[in-house]
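# Structural characterization, general
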Amino acid sequence: MSASTHTGSRPASTRGPREVSRLSVVIAMVFLVALAVYFLLPVYWLVVNATKTQSDLVTSNGFWFADWALWDNLKGLFTRDDGVFIRWVLNSVLYAGIGAAVGTLLAAMAGFALAKYRFRGREAIFSVILGGVLVPATALALPLFLLFAKASQTDTIWAVFLPSIVSPFGVYLSRIFAASAVPDEIIEAARIDGATERRIFFGIAARLMAPALVTIFLFQFIAIWNNFLLPRVMLNDAKLYPLTYGLFYWQTQISRDPQLQTLVIVGSLVSVVPLIVVFLSLQRFWQAGLAAGSVK
Amino acid sequence: MIHPRRGPSPAQQVTPSTPRGRRRVVRLAALLVAPAMLAAACSSSSGSDSGSTGAGAGAGGQTSAAACAPTGGKVSLQFWTWVPGMDAVVAKWNAKNPDIQVAVKNTPAGNAGTYQNMFNSLKAGTAPDLGQVEYDTLSSFRLQDGLKDISGCPGVSDAKANFVDWSWAQAQVGGPGVYAIPQDTGPMALFYRKDIFEANGISVPTTWDEYAAAAAKLKAKGIAITHFPQQDANWFDGLLWQAGAKLFDTSGDQVKVSLTDAKAKQVADYWQKLIDGKLVATNLQGFSPDLYKAWNEGKVATWISAAWGYSTIRDNAKATAGKWAVAPMPQWSAGSKAAGNWGGSTTAVLSSSKHPAEAAKFALWLNSDPEALALANEKGGLYPANKAGLELPALTKGVDFYGGQKVFDVFKEASGNVDTNFTWGPIMTDTNRFLSDGFTKALNGQGTLGQTLDTAQTQTVSALKSQGINVAP
């Protein structure tokens, strides 16, 4: 608009890095640091308090260390109730890990089919699946319970596992991504070369969709890992509990056994570790997924 | 919540058949739903949908003491409980009774969701044979026809004399039948800091007036006599119980709600006076680290609590070892000996059980056998409802933390002085929530404890009516 801005050294058409004023950098940094502190403070508290004895827990400063009892706490955690905590870890890994893997596969196949195959009722099916996104899990818990009760499958692994592998949101994301990331030309070329539909999906489409699939996997993994309501409604056997519900179960017994307080805290800390591992190891793919297509 | 927001971003580069407007809606929906799901998952179920069968109180209670014969053969029973270490106790039974095998399911505490699961499973036909049910919830289960009358089962009626009087009365839920076997109780007494009382020349209060006077003296020293919790409505119920308040009458065709009973008002007004005078700590929640810290620092001098509370203080206020003692609850009239009760559970036989006789046999053993009671006391901290259980070695010797005082002698006496006629309401979970809500407001200076009772009365009556229950005017 004003001529003066165009008199600079660069022509306006070549976009270079914009010059950012020092002040806004400082403001942004302060804001980001504040956010980081805000998000990390609870984790810090968890780390500090997981190292304390029961009596230090209530008497010492919550944000600084007291006597080091982390090893004792960990030992207590893994031996309490015949090592039931290890069961909970394995259960969570089973529900969340395998559940998310199967869920991602199903979502990818459904999304691919909806994006690339033309058939009657395609949009209707897609709408119904999208409707599933709108129904809160809370509303489904009790009907699911009654359904599983009819099949005598409440209080079993399946009662938590089967509902977990369904992800309407994953289907939605896969469809959108398949439509953009898998060109029709490649599919047609593959068909001409005689590839089966299965080969096309696993050999070509799934690979092209990989970044989206990692996102779906992560999202699904965390959703199942943090799922509290479903195990709460379905399970009554402590051996089948996932971590979240197991820790809650201990938490409700604190008034009878105060020692459980330290175990719940150190257990919470341990239960965060797998999430961090999954996140860090998949972060690479996931970032690739976000950026994919942005420079096409 | 990063994923749902970022997830749809590829949509922006795509041009599939979906029209643009619709995509926007979908994206918005994805954004909105995820946090909603989260919020919903976090909010705990309030139990407000209990009692939805709409049966009138007293209805369904007329099943006569039906014949209850063992079904014979090999029987397996399921038992839901949240007492720590119950597996070990039941393992002893299973070793001795190969034909009646009991499988324990360790669940979270009843009000933390297990009652709701029991009600759900009763509807679905997958309910356990036996369940841990607290005294104040028996009435809710009766209302939903969730309990079996086991009075006709072998040995049950004869066992009455073996249990603390009030506990058996509650297991009858106001009728002629018997619906549960009492497991443990929480007779109340006064835990107090002996050293603080002595140092300030205060003698142990025997009446509530003396207690208030002691509070005033302690306040001058910067010490609160106790804390008034926002959420422990059950604790307040125990105080009302001691005062002889009659909160409910469920004996007739209609439920009579009288939370504003004169005795109840007396208790509420008394504590309101302490709150107004800033004699009690109103910023400390029950069982909170803040409270434990205050105990350790000697800023709170007493706790009116139940027998099981001895371990709460012992394990959370280690710095004060040897400084606490236990005395009977202060009284409303000098010389009387009334005690309240806070907590405790029964072992109930649920109505769907196909083997009530075997279930009742197990429940009786669990709560009468000396070995079982000793183990449950050791592992789960249970204070038995069984009279013989009160003579367990662990409950008759001095306790180190309390300077060697035989604290359980006090609780044993209290146990015999608990009013046997106290009646819980049919939707006690809701009533207690109404009370807690009122406490929270009153402690923040909005209204009084007396008004809390008025409000809880109105709310309870309308909640009962909305469930189709006849309420006496």
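Residues numbered from 1 in each chain as written. Chains lettered and ligands numbered in written order. Predicted model: local features only at pLDDT ≥ 70, side-chain atom pairs only at ≥ 80, totals over all residues. Heavy atoms only, no water.

### What to know about the packing of helix α4 (residues 70–116) of chain A against helix α7 (residues 157–164) of chain A
To characterise two packed helices, one gives the angle between the axes of the helices and the distance between these axes. Residue and element names in this part refer to chain A. What counts here: Axis lines are fitted through C-alpha atoms, for helices just across the contact stretch, and the angle between N-to-C directions can take any value from 0 to 180 degrees. Helix and strand assignments follow DSSP, with helices taken as H or I runs no shorter than four residues and strands as E runs no shorter than two, numbered in order from the N terminus. Handedness of a helix crossing follows the sense of rotation of the near helix relative to the far helix, less than a right angle counterclockwise being left-handed and clockwise being right-handed. Only heavy atoms matter for contacts: two residues are in contact if any of them lie within 4.5 Å across the pair. All residues other than Ala, Val, Leu, Ile, Met, Phe, Trp, Tyr, Cys, Pro, Asp, Glu, Lys and Arg, Gly among them, are scored as polar; the first ten of these are nonpolar and the last four charged.
For the pair α4 and α7, interaxial distance at closest approach is 9 Å and the crossing angle is 35°. Between α4 and α7 lies a crossing whose hand is right-handed. Of α7, the residues touching α4 (which contributes Leu 94, Tyr 95, Ile 98, Gly 99 and Val 102) are Ile 157, Val 160 and Phe 161. Per-class residue counts for the contact of α4 with α7 are seven nonpolar, one polar and no charged.

### Some words on the pattern of salt bridges
Residue and element names in this part refer to chain A. Cut-off, in case you're wondering: Each salt bridge in this description consists of a side-chain nitrogen of Lys or Arg and a carboxyl oxygen of Asp or Glu lying within 4 Å of one another. Burial status follows relative accessibility: with a 1.4 Å probe on protein chains alone, a residue under 20% of its type maximum counts as buried, one over 50% as exposed, and anything between as partly exposed.
As enumerated under the stated definition, the model contains 19 salt bridges over all chains in all. Measuring nitrogen to oxygen at the nearest pair gives 3.7 Å for the salt bridge that ties Glu 123 to Arg 122. Looking at Glu 123, the relative accessible area reads 26%, which means it is partly exposed. Judged by relative accessible area, Arg 122 falls into the buried class, the value being 9%.

### What to know about the pairing of strand β7 (residues 302–306) of chain B
Residues and elements named next belong to chain B. Selection rule: Any two strands with at least two DSSP bridges between them are considered paired.
Most of β7 sits out of view: five of its five residues are buried. Residues Thr 302, Ile 304 and Ala 306 point to one face of β7 and Trp 303 and Ser 305 to the other, with burial holding for every one of them. Where strand β4 (residues 180–193) and β7 come together, five bridges link them in antiparallel fashion. Bridge pairing in β7 places Phe 191 opposite Trp 303.

### Concerning the environment of Thr 244 of chain A
Residue and element names in this part refer to chain A. With respect to the helices and strands, Thr 244 occurs in helix α13 (residues 243–251). On the accessibility criterion, Thr 244 (23% relative accessible area) is partly exposed. Residues Thr 244 and Val 89, 155 residues apart in the sequence, show an inter-C-alpha distance of 9.5 Å. The residues contacting Thr 244, other than those within four sequence positions of it, are Trp 225, Asn 226, Asn 227 and Phe 228.

### Observations concerning the nonpolar core
What counts is decided by this rule: The definition of a nonpolar core used throughout is a set of buried Ala, Val, Leu, Ile, Met, Phe, Trp, Tyr and Cys residues joined through side-chain atoms within 4.5 Å.
In terms of nonpolar packing, the biggest core is built from 152 residues, with Phe 228, Phe 236, Leu 239, Trp 271, Ile 304 and Tyr 402 of chain B touching the most fellow members. When residues in this core are grouped by element, the largest group, eight residues, is from helix α13 (residues 356–368) of chain B. Membership of the second largest hydrophobic core comes to 48 residues, among which are Leu 77, Trp 88, Ala 100 and Leu 275 of chain A.

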